[in-house]
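# Overview (structure and organization)
What follows is the residue order along each chain.
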Amino acid sequence: MTTDWDLAAATFDEEADHGLLDPVVRAAWARRMENWLPAEPSDVLDLGCGTGSLALLATGRGHRLTAVDSSPRMVERARAKLAGRGAEVLLGDAARPPVGARRFDVVLARHVVWLLPDPAAALRHWAGLLRPGGRIVLVEGVWNGDGLPPGDLTALLAPLTDRVHHEPLSADRDLWGKDVDDERYALVARVRRPRRHTEVVDVHLILRRGSDVLLARRSGTGYADGLLHAPSGHVEDGEDVRAAVIREAAEEIGVALAPEDLRAALVMQHRGPGGAPRTGWFFEAAYDPADPPYNREPDKCSELDWYPLDALPDDMVAFCRAGLDGYRAGERFMVHWHEDADPIGYEPGRRRAVVLPASER
């Protein structure tokens, strides 16, 4: 009886197939793939696909394949191998595959993660390409000191997943066509199903002295040190946003404010590089000569100074600069979003902020 696996075997070639031309090796990988991939036909994204050998095995089980490789030659070979199988092969970076807003049931990568410059960022991005309940299937190893130990890779997956299954592969001679004495393994990680969305809420004080605003230079915090930012902090449990900005003003700059001193200036949802989204409330207050600000947290702030609102410095935290620019322009609601690789600091000429029009009613 001829099966889809047998038909797939006919299109394997000798070069760059990691021994999969051998029917014993091919059958061993086919058995593993049956366990790693969903039983029902699913959308699979094969990253760093090479000549498409694993993609071909997956199509033999009825899965719908999108494959990505950065080598034009590998892409050409994979397209030829997968011709007539309904698969799409794309030229692109495995860490940021060119699939747009499409979502998948499985992300599959073999001997890819250990070569990436930032595996953690790539895994976060891959998890975001999956539908709820999707899985990441990784085949990796450690060869002569190179590669990723399973414990390290499991630790990178842990924040993204409900569980990670570790499957040792070294002892399965049929997978490699020979005995191996190095460490080879697969990880199958089920990505967390969506939970109710929660966000940190932070508050930011726009203290005005005429046309100037007060800014603090961060120091010793481990985040955005050396950059300027408005006095700010997180809302604590049980606080409303006014109480939070009043408390932060007292703790950071020694200024006593009352609720009636505050004016809501701007609300901004923002996300820092590699971080989770937050919602920030910007409040305006007037400088009182009888209550001048001073640096109450020298371990977190190296200096306080006044800066003209219409000529703000460039060495600022990017989302704070965007918030103050929006405030000066009379905006009330904004979104400011960083990609993982973006710098924290403001970049002149680069606009990440999106203004949300307010209702006129």
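Owing to the predicted nature of the structure, the values given are computational and were not obtained by experimental measurement.

### Let's talk about the pairing of strand β1 (residues 43-47)
In terms of burial, β1 is largely enclosed, as five of its five residues are buried. In terms of handedness, the path from β1 via helix α3 (residues 53-59) over to strand β2 (residues 64-69) forms a crossover that is right-handed. Bridge count for β1 against strand β4 (residues 104-110) is four bridges, and the pairing is parallel. Across the sheet, L45 pairs through a bridge with V107, a residue of β4.

### Considering helix α9 (residues 318-328)
Taken across its 11 residues, α9 has nine buried, putting it largely inside the fold. Residues of α9 that are buried: A318, F319, C320, R321, A322, G323, L324, G326 and Y327. With its phi angle positive at about 85 degrees, G330 sits one or two positions after the end of α9.

### Details of the environment of V142
Position of V142 among the secondary structure elements: in strand β5 (residues 130-143). Taking the C-alpha atoms as reference points, V142 and A171, 29 residues apart in sequence, are found 14 Å from one another. Those residues in contact with V142 that lie beyond four places of it in its chain are G147, L148, P149, D182 and E183.

### So, helix α4 (residues 72-81)
Those residues of α4 that fall on the buried side of the exposure criterion are M74, V75, A78 and K81. Taken end-on, α4 shows its buried residues confined to a sector of 125 degrees, consistent with a single buried face. Relative to its buried face, α4 has exposed residues pointing more than 90 degrees away, namely P72, E76 and A80. As for α4, its buried residues are in contact with α3, β2 and β3 (88-91).

Reading the values: rules and limits
- Residues numbered from 1 in each chain as written.
- Predicted model: local features only at pLDDT ≥ 70, side-chain atom pairs only at ≥ 80, totals over all residues.
- Heavy atoms only, no water.
- Buried < 20%, exposed > 50% of the residue type's maximum accessible area, 1.4 Å probe, protein only.
- Helix = DSSP H or I, 4+ residues; strand = E, 2+ residues; numbered from the N terminus.
- Right-handed = clockwise from strand over helix to strand, strands pointing away.
- Pairing = 2+ DSSP bridges.
- Contact = heavy atoms within 4.5 Å.
- Arc of directions from axis to C-beta.

By themselves, these observations are geometric and do not establish any function.
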